[in-house]
Amino acid sequence: MPDNRDTEFAWKYHNATKHSHASVRANPHFLDFSNQPLPFKIYPSLEPMRLPSEMHQTGVAALSAICSSVPDSTNAAPDLAAIAQLLYLSAGITRQRKFSGGEIYFRAAACTGALYEVELYLVCGDLVDLSAGVYHFAPAEFGLRKLRDGDYRSVLVEAAGNESGIARAPLIIVCTCTYWRNAWKYQDRTYRHFGWDNGTMLANLLAVTTALGLPAKIACGFVDETVNQLLDVDPQREVAFSLVPVGHGSQDPPPSPVNVPALGLETIPLSRNEIDYPLMREIHAASSLHSKKEVSMWRGRTPLMNLPPPAAPVVQLQTLSDDEMPRDPIEQVILRRGSSRKFARTPITLPQLSTMLHRATRGVPTDFLDPIGTQLSHLYLIVNAVDGVEPGAYVFHRDSGLLECLKQGNFRDQAGYLGLEQQLPADAAVDIFFLADLRPILQRFGNRGYRAVQLEAGILGGKLYLAAYAQRLGATGLTFYDDDVIRFFSPHAEGKSAIFLVAVGNSAKHQP
């Protein structure tokens, strides 16, 4: 059994899945559309229970919802209508587009390749209009399929090492990731995408829970086998990746049944032929936790990832004033959001950029960021067109609200090259790279720290998406040439690793 503390597994996976100019061209992979995976998990023997479709208008501004959270001791429980709103605005189908080969179902949160490999399950006690049980969310029908009847929350409490948020939560949302649905396009690099795509979804989920007055927290530490068994997933194909307790109650859940029997429920195959990429399953196994004690030791005590003080010219950020702040509510912004396909080469303002950076980085309630506000990644920027900021390369000093200039110059061509030679990062007003020093992260958290750093970047990237669209801007997540990114930002970024990239600017397509 691989050991989470043997971090050679994380380094092996990370280095083997780096993109470079040479590796991309040497890869013979092509998209076999005749073998494209189904976009949904379907249990043919279970009828879905339809969820209410009417959305409650919270009136909470998106730019407020993404930067705050409800205190975890607030007594609140979601009813079925609130659950429907959470699921729709996190993973629901918000638009459809037909093309020559079929139809794409776009969801509420950004996902690499629009492949949507993240599945959501609910584990709850008795709630208003929803009986205790284990459910699978079916986006195609916008409904729930009950997998188990009864209150199984204690199974998750035990699996998560009595994590306080889970112990008193009336509802726990379990996010799983399906290997093949994303690997069809992205192959072994899919395991990085698990964190990105789960993270952007969680950014939506956290913002909506805040708007609904519900406490929520993300747990990345749990006994993997226990959670997978509860959901009855095949861990060779689908694995639990994060837990989200929603709400807070005054009592612990009742003891769960002693045995959690296998269900053996039939599901429709995703494709006629699934191609296996063993490297992903290897890093998942090596980053798995196997006991309550191991989970408790893994949680918290985040290593400090401070930047050195600025040694170069700085730009003071200027966030929008309260009077200038857009008030579009979170549900409206989520439904407006998309991934920009083309940017206009026009500037955004410094207050717009400042507000995005400030609101997206106020802290994420998780079990691996202690205290809240701690970050594993740092944000490095290529500024192409921001009024009041000279074009160049910068690093964001969050605590002091500064951009430190690393080098000045027009780097549009370099930005395009670093973003896998795509036009989007070259045309964007600003490209925001998430870079992290993996050495102290893996030393503290073991291989599971690799999950955590990818997940954090996805959440922060999702918050940047929402902050951009709240200001009628566009955004898109992109992949990159790993080592070339570090070389571009070095010597300041020396020793770090590229984790994620979000491009922001004025979308060439007008937003409604």
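The structure we're discussing is the one just above.
Rules used in this analysis
Residues numbered from 1 in each chain as written. Predicted model: local features only at pLDDT ≥ 70, side-chain atom pairs only at ≥ 80, totals over all residues. Heavy atoms only, no water. Helix = DSSP H or I, 4+ residues; strand = E, 2+ residues; numbered from the N terminus. Buried < 20%, exposed > 50% of the residue type's maximum accessible area, 1.4 Å probe, protein only. Areas by Shrake-Rupley, 256 points an atom, 1.4 Å probe, with all protein chains shown as cover. Contact = heavy atoms within 4.5 Å. Pairing = 2+ DSSP bridges. Salt bridge = Lys/Arg side-chain N within 4 Å of Asp/Glu carboxyl O. Axes fitted to C-alpha atoms, helices over the stretch in contact; angles between N-to-C directions.

(A) Local environment of the overall build of the protein. Scanning the protein from terminus to terminus reveals 18 helices and 18 strands. Viewed in the frame of its principal axes, the protein has a C-alpha envelope of about 65 × 50 × 50 Å. Counting all 512 residues of the protein, 60% fall into the buried class. Carbon and sulfur atoms form 52% of the exposed surface of the protein, whose accessible area is close to 19600 Å².

(B) Examining the environment of Tyr186 more closely. Here Tyr186 shows up in helix 7 (residues 179–186). Along the primary structure Tyr186 and Glu331 are separated by 145 residues, whereas in three dimensions their C-alpha atoms are 30 Å apart. Excluding anything up to four places from it in sequence, Tyr186 contacts Thr112, Gly113, Leu115 and His193.

(C) Summary view of the pairing of strand 15 (residues 402–408). Pairing between strand 9 (residues 314–316) and strand 15: three bridges, direction antiparallel. When the bridges of strand 15 are listed, Val314 appears paired with Glu404.

(D) Molecular detail of the pattern of salt bridges. Taken as a whole, this structure holds 25 salt bridges when the rule is applied. Notably, a salt bridge pairs Arg237 with Asp234, separated by 2.7 Å at the nearest N-O pair. Arg237 is the partner of Glu274 in a salt bridge, and the nearest nitrogen-oxygen pair spans 3.4 Å. Of this pair, Glu274 sits in the loop between strand 8 (238–246) and helix 10 (278–286) while Arg237 sits in the loop between helix 9 (224–231) and strand 8, placing them 37 residues apart in sequence. Owing to a relative accessible area of 30%, Glu274 belongs among the partly exposed residues under this scheme. A cluster of three or more residues bridged by salt bridges with shared partners is formed by Arg189, Arg192 and Asp482.

(E) How the structure looks around the environment of Val246. Tracing the sequence through the fold places Val246 in strand 8. Sequence-wise, Val246 and Gln229 are 17 residues apart; in three dimensions their C-alpha atoms are separated by 21 Å. Contacts of Val246, omitting those with residues within four sequence positions, involve Pro78, Leu86, Ala169, Pro170, Leu171, Ile173, Thr209, Leu214 and Pro215.

(F) Region of interest: the sheet that holds strand 4 (residues 118–124). Pairing in this open sheet of six strands is antiparallel, and the strands run 1-6-5-4-7-8 from one edge to the other. Looking at the sheet topology across the chains shown, the edges are occupied by strand 1 (49–50) and strand 8. Both strand 5 (residues 133–138) and strand 6 (residues 143–149) contribute to a ladder of six bridges, which runs antiparallel. When the sheet's bridge partners are listed, Gly133 is paired in strand 6 with Asp149. Contacting strand 4, strand 7 (171–178) and strand 8, helix 7 crosses the sheet at an angle of about 40° to strand 7. Taken strand by strand, helix 8 (residues 190–211) contacts strand 4, strand 7 and strand 8, and its axis lies near 20° from that of strand 8.

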